[in-house]
Amino acid sequence: GAIIIVSIENNQLKTNRFVILSGDEFSGKSSLLSKLRVTKTENQSVVKQGLGLEYAYINIKDQFTDDIVSRLGIWTINSNAGHFLEHALGRHSLACTDKGWDCAVMLVVDYSKPWEMLQRLKHWADILEQHIDSFKMKESDKRDLEDKLAKSLQEYCLPDAEMNKDVLLPLTEGVLTRNLGIPIVVVCTKVDAMNTLEKDLDYTDSHFDLIQWHLRKFCLELGAGLFYINSKDTATADHLYKYLVHKFYNFPFDVTPSVIEKDGVMVPAGWDTLQKINILNDTLRGFNLEDDLSKILTKPVTRSADTSREIKAEEDQDFLTRMQSLLDSDNLRRPKLNRESTTPRLPTSTPAAGTGANGAADGMLANFFQSLLKQPRGGSGAAPRGASPGSPRQPSARGVTRTASEGVTARPPKP
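1. Re the nonpolar core
Part 1: By size, the foremost hydrophobic cluster in this structure holds 95 residues, and its most contacted members are Y111, I182, Y228 and L240.
Part 2: Setting aside its immediate chain neighbours within four residues, Y228 contacts Y111, C188, V191, M194, I211, Q212, L215, T236, K262, D263, G264 and V265.

Rendered as structure tokens:
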């Protein structure tokens, strides 16, 4: 959740009007502010996340000429606690004239975590109420603000509808039962996460209707507007901008309320009633509406880390010593190589009796390679040293056979 405070600074319209934007960390406040600034202003830099309390503004343009006629200030509380609220919202800011309100509050919640939205909204509403009570206003002043807020709900009418402001109907049952004397807008960011909720957590249209039912009931009690902001649909942010301008400057708000599209809900304050909300009851028969959303909605399974077992890092020297001992023990297991002679020795023994043809062939092969190693290096036609002139020439390595006495003998070439 989050709180956004909006104010006005200009020479043509009333100054010192602002919006307080409040909500939990990572609830989408900075992204929402960027969308509001880009909607009706050009070449605005992207809003970066700040710490604690942050100030920005929106240029307000004339509805006919597009001339900038005012600046709407925005105080963003970038904290899960509300102690920064006292620096943004003072007693003098709670005022309303025929030109509009001097201050409004936006409560921002993250729709990608619907199981905790209602809890966070109640948390921020409690902080706001406690802060307003700390002003110790006179009962007459407090009653005046509450009456003006109630009147603003009574004066709401659909686009192109005619209304006689001299004759106002009383508020219906359940409307504005918690009157804080300040306009409130509930903004749900990251609504495009519905696709992920459907795919990963098996959410259905009934689940989204249940969420809408609880949000509209909460807004009805506070007399607040409800807006879903979809990053894939820029019109949702544009509708919110028009609604803020309507509240602060009495510009006409010509957007029709929407509760049919699950990702495009837009409910201005003063339009909703208990009867309209209860239309959803037909699709919610499988739920107990008295239960909290956190008990009904499925949450993703998170694996908690085991912090009970302490893990100690091994000292570098101990680790290296242990590795050295493992290497030494591994070397002891390996057979030692005979390094006395670089010439490989091959077995020369004759095959044992009874080994058959395979044993005889292995012995002959060993004798053949042994004889090759004993041949002198040099020309192929030279006689070996110590051989008599009449001795037969040694045959080449190609086409030889073994005998038991001479080791090798000539083999006739293949035809």
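2. Structural notes on unusual backbone geometry
Part 1: Even without glycine at this site, K136 takes up a positive phi of about 55°.
Part 2: Mapping K136 onto the fold places it in the loop between α3 (117–133) and α4 (139–154).
Part 3: Given a relative accessible area of 71%, K136 falls into the exposed group.
Part 4: With phi around 60°, N250 is a residue other than glycine that occupies positive phi space.

3. Observations regarding the pairing of strand β8 (residues 184–189)
Part 1: With six of its six residues buried, β8 lies for the most part within the structure.
Part 2: Here strand β7 (residues 105–110) pairs with β8 via six bridges, running parallel. Residue pairing in the sheet places V108 in a bridge with V187 of β8.
Part 3: Bridging between β8 and strand β9 (residues 225–228) involves four bridges; their strand directions are parallel. Bridge assignment links V187 to a residue of β9, and that residue is F227.

The rules behind these values
Residues numbered from 1 in each chain as written. Predicted model: local features only at pLDDT ≥ 70, side-chain atom pairs only at ≥ 80, totals over all residues. Heavy atoms only, no water. Core = buried A, V, L, I, M, F, W, Y, C linked by side-chain atoms within 4.5 Å. Buried < 20%, exposed > 50% of the residue type's maximum accessible area, 1.4 Å probe, protein only. Contact = heavy atoms within 4.5 Å. Helix = DSSP H or I, 4+ residues; strand = E, 2+ residues; numbered from the N terminus. Pairing = 2+ DSSP bridges.

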